[in-house]
Amino acid sequence: MAASTTLFATLILLATIHQTQSILQTAAIDILLPAASSPITLLASQASFGSPLAPYSQRHDHKLPTVSIAPSFPPQQDLYLCNESDNVADYSNYVSNAKTNAGQSKYDNLVLLVPRGQCSFERKALSAQRLGASAIIIYGTLSSRYSLNYTNSTEDCAEDSCHDAKTRDDGYYSQKDVLWPANKYDYDCDMGRASIPSGEMTKLDFVHLPGGYNEENDGYLVGTGENNLCVKYNVGKGKESFLGRCASERCLVTGKNTTLDDGNINFEACCAWDLHVWLYADSSIPKEVETVTIPAVYITMEQSAELLDMVRGVADYSVSNGGEPLVLSMYSRYVPKYNFSAVLIWAFGVFVAWVASYRSSVEYRKVGKAVMMRRKLIEEERNSDGGYRDDTDAASNAGSVSNSWSRTPPNSRAVEIGRSSSKVSTENNDPTVTNEQIEERIIYRAESNAPNAEPNEDPESLELTASHALGFIVMASTALLVLFFFKIFAVVKVMYAFGCSGAFAQTIVHPGLTYLCKRLKWESPMKPVSWLTEEGATRAALRGGFKGHCLMCLWSFVGPFTPVDVSAMVISYGVGATWLYVAFMFPHPDSYAFYWVIQDIFGLCMCVLFLSTIKLNAIRVAAILLTVAFFYDIFFVFVTPLLTKHGESIMVNVATSGGPPKADPSWCEKYPFDSECKGGDPLPMLFAIPRIGDYQGGCSMLGLGDIVLPGLLLSFASRYDEAKRLIGVIGGGSGRMRNNACPDATQQQKLSPLCFLCCCCRQGYFGPVMVAYAIGLAMANAAVYIMQMGQPALLYLVPCCLGTMVYIGHKSGELNDLWEGPRVIRAADALLYGAPRVESGAEQEGSEIDGNGDQMQNEEEAELT
């Protein structure tokens, strides 16, 4: 538990993480055919240069240059728009000359469709801009993956033909001069492979000028029919065949060949990648002279085949029949300014904090209700008998009534407390005695009698002290630095999976199975296994033998267990193992619903178990813990970028499993399991909800540390309120509590805003502090969107929660008691468990007083009674 706890503090409220597993298609192209009622939409990737596209909200505004424009093709002599790059053409004065001669450029208000290859993307866009185009669409081609090595090919050429290698005759080149596609970057033989005979290779031309690749090759390398040589001569059958594995339905000849036993030569061809690419800028273009100002986008080979077919088909129809032309609209895809998932993660975080904190005081609440039920039984029996009767039978029946209400048996000391409560209420019927004096007597008697009482069975728990708080931060910092320098994020996933599986079993699965068995009145699964009880294990051990020895060791290690226990463990750890399998075997697992739903359930269970086990009994400790955590969060988020070599935030780096991948996004889209593509996925110790309606993906996240650290203060407030209710009930009260910080109605008009918060929740401290937590978390959430970066949530949660608690304590006059450790909590623990679990500093000092202490105790008892 301690190891897991230190890791919780390493998580912060993160901004949405846009994972770089692929090139995002941030642009949309609407194709509106003549007489069509709705457009056909293609998704495209945008360039890092040029102007942005029309926003989504203005996609129908025909005044914008990229909305409702007609497509066109480059000049016939420059289909790739690379002549300027090769110094063969100059379009810098094309528009001005065209306006002088014809009044306008041939390409004004058109979008040019240009194939990829032979020069850079920005060079193509610059030439299109000089021609007068409003935008450019660059589309993928097989030809762009081939080129000729002109330097090698000109070594032996005649002197008069070496002036321009690209315009020489085809006969000067051979396949030795071809620069073939690159393995893994352009194609992947694992996605489909073919072995083409040399006789069929004569149909293909890779030395055609100017680029080398002849466009007619596409008829033999594209498609699903037998015309595709890769389909005809594929290596593999069924799912392993070319068609079964190659999603692009296109192949590239790799330039590799093998000689068969009969002397024939076969050439290798493999499945071509057909993905979106990032249109990067060309650093060789002098930006001070001219920059690209038109938008540029990229579409794949598959998309281009669909678009070009429609453009050419509509063009032919329009020319012959005088119809309307095809129209394109290019715009940015819709991105919500504020995603609803942020509201959901806020609501879920508040809900988890409330549930975990509320459940931490369930013992006080259960006993208080048992006492109230018993008191009600006594009153009913007195009224029915018309007078006083002994309450022994009623006391014995209180447990069963409470059990029917809560479905779980009350604490074994509840009936004893209930019996004493009636005596206390009878004893204090004096109207001159105030409620505060009655409660003070109950607290004093509980503290005085606790050392002599036999301690009851207490759930395993730990109370934090100031040294624990400081040690907690030291261990959390150490864990954070170890993860940052050694990158052992897989270990964290394993620890989280198995640790949370146990919490899942204790919090949800085991209680659920027990409830189901009770509802079905199926008692046998809830009874311990006979051969592993203490009696059965002892009997087997006395008989001797290996079996007896093993049973005794097993009983000593796990104790008696029931079939429900076994079923809960099998189910919980089975779910945890499945979750861990998805975490390691699927790239970016948080995009799968099973993964993030189970992760959130695991986190909820861990928070509930943590706050039920780790407790605070004084806000002095809470102030130390939260203040140190406050500066810890700020240091590791905002200060460490100034100290690390590459300006990295240690907190964000660890929370994102080492930061974004080092490899190119297009490479990671192809090979997500590559070592260079690891990273960017958040560590699992957080709550995550995928962004709704956002094509960019990502999640809204909240670290578990932002639940459990403020949750310790929330838990303390809940336990303090319930302890006061319990003491009040035992003193004869109704169990209802009014906040002492709230003035009378006559003073309501003078209330400050903070005091108004106190009076909105008249049930003690827990309500106001819970509201303050919700406000602080909302502030952190808003800061993420305002600053567009991850925020340390404790920066907002600590002042809100701790400040509210201190303010209400000050206004109610209880701050000193809260600071040192409320006596009412120690008294409630003494009533329930027989003795306080951990002595406060004041108690430890008091225990060092010698024999005079007994005399002081007797004097105080005489004064109170």
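Up top is the structure these notes are about.
A short tour of the structure in this document, coming up.

Criteria and cut-off values
Residues numbered from 1 in each chain as written. Predicted model: local features only at pLDDT ≥ 70, side-chain atom pairs only at ≥ 80, totals over all residues. Heavy atoms only, no water. 1 Å grid on protein atoms, 1.4 Å probe; cavity = no way out; pocket = protein on both sides within 12 Å on 5 of 7 lines; lining within 4 Å. Points joined across faces, edges and corners; volume = space filled by probe spheres on them. Helix = DSSP H or I, 4+ residues; strand = E, 2+ residues; numbered from the N terminus. Nonpolar A, V, L, I, M, F, W, Y, C, P; charged D, E, K, R; others polar. Buried < 20%, exposed > 50% of the residue type's maximum accessible area, 1.4 Å probe, protein only. Pairing = 2+ DSSP bridges. Contact = heavy atoms within 4.5 Å. Core = buried A, V, L, I, M, F, W, Y, C linked by side-chain atoms within 4.5 Å. Salt bridge = Lys/Arg side-chain N within 4 Å of Asp/Glu carboxyl O. Phe/Tyr/Trp six-rings, centres within 6.5 Å; stacked < 30°, edge-to-face > 60°. Lys NZ or Arg CZ within 6 Å of the ring centre and 35° of its normal.

Concerning empty space enclosed by the protein
The gaps left among the atoms become clear once a water-sized probe is rolled over them. The full count for this structure, using the stated rule, is 10 cavities of 30 Å³ or more. Roughly 60 Å³ of volume is contained in the largest cavity. Around the largest cavity, the lining residues are Lys493, Pro589, Asp590, Tyr595, Trp596, Gln599, Asp681, Pro682 and Ala688. Here the lining of the largest cavity gets 3 residues from one element, more than from any other, and that element is helix H20 (residues 593-613). For the lining of the largest cavity, the per-class residue count stands at 5 nonpolar, 1 polar and 3 charged.

With respect to helix H3 (residues 121-131)
Residue pairs three or four apart in sequence face the same way in an α-helix, which turns once every 3.6 residues. Most of H3 sits inside the fold, with 10 of its 11 residues counted as buried. Listing the buried residues of H3 in full gives Phe121, Glu122, Lys124, Ala125, Leu126, Ser127, Ala128, Gln129, Arg130 and Leu131. Downstream of H3 by a residue or two, Gly132 has a phi angle that is positive, lying close to 100°.

Comments concerning the environment of Leu709
Looking at where Leu709 falls in the secondary structure, it is placed in helix H24 (residues 705-730). What makes Leu709 buried here is its relative accessible area of 3%. For the pair formed by Leu709 and Ala622, sequence separation is 87 residues and the distance between their alpha carbons is 8.9 Å.

So, the pairing of strand S9 (residues 251-259)
Note that S9 and strand S10 (residues 265-272) share 6 bridges and pair antiparallel. Within S10, the residue paired with Val253 across the bridge is Ala269. The antiparallel pairing of S9 with S10 creates a hairpin that spans 5 residues between the two strands, and Gly263 there sits at a positive phi of about 90°.

A short note on the side chain of Asn214
Its location among the elements puts Asn214 in the loop between helix H5 (198-201) and helix H6 (218-221). In contact with Asn214, other than residues within four places in its own chain, are Asp205 and His208.

As for the nonpolar core
Counting 103 residues, the largest nonpolar core has Leu713, Tyr773 and Met805 as its most contacted members. With 14 residues, H24 is the single largest residue contributor to this core. If you look at the next biggest cluster of nonpolar residues, it comprises 30 residues, including Leu221, Leu229, Cys251 and Leu252.

Thoughts on the environment of Ile473
Summarising the element assignment, Ile473 is placed in helix H15 (residues 466-486). Accessibility expressed as a relative area gives 8% for Ile473, which makes it buried. Residues contacting Ile473, with those up to four places away along its chain left out, are Val628, Ala629 and Tyr632.

Things to note about the pattern of salt bridges
Pairing between side chains becomes possible if they bear opposite charge and their charged atoms approach one another. Scanning the model with the defined rule gives 13 salt bridges in all. Where Asp186 meets Arg145, a salt bridge forms, and the shortest distance between an N and an O atom there is 2.7 Å. Of this pair, Asp186 sits in the loop between strand S7 (178-179) and strand S8 (187-197) while Arg145 is found in the loop between strand S5 (135-139) and strand S6 (147-148), placing the two residues 41 residues apart along the sequence. Accessibility expressed as a relative area gives 23% for Arg145, which makes it partly exposed. Note that Asp694 is salt-bridged to Arg691, the shortest N-O span being 2.8 Å. With respect to burial, Asp694 and Arg691 carry one shared label: buried. Bridged by salt links that share partners, the residues Glu84, Arg130 and Glu290 form one connected network.

Brief notes about the packing of aromatic side chains
On inspection of all chains with the given rule, the structure shows 29 aromatic pairs. Measuring from centroid to centroid gives 6.5 Å for Phe121 and Tyr298, while their planes differ by 75°, and the two rings are edge-to-face. One end of the pair, Phe121, is in helix H3; the other, Tyr298, is in strand S11 (residues 296-299), and 177 residues separate them in sequence. Phe121 gets classed as buried once you look at its relative accessible area, which sits at 4%. On the basis of relative accessibility, which here comes to 3%, the residue Tyr298 falls in the buried class. Judged by centre distance (5.4 Å) and plane angle (70°), the ring pair of Tyr720 and Tyr765 falls under edge-to-face. Residue Tyr720 is located in helix H24, and its partner Tyr765 is located in the loop between helix H25 (753-760) and helix H26 (766-787); the two are separated by 45 residues in the primary sequence. You'll find Tyr720 and Tyr765 in the same group, each marked buried. Aromatic rings pair up to connect Tyr496, Phe504, Trp579, Tyr595 and Phe602 into one cluster. Here Arg333 stacks its cationic end above the ring of Tyr695, 4.0 Å away from the centre of that ring. In this structure, Lys487 packs its charged tip against the face of Phe484, placed 4.7 Å from the ring centre.

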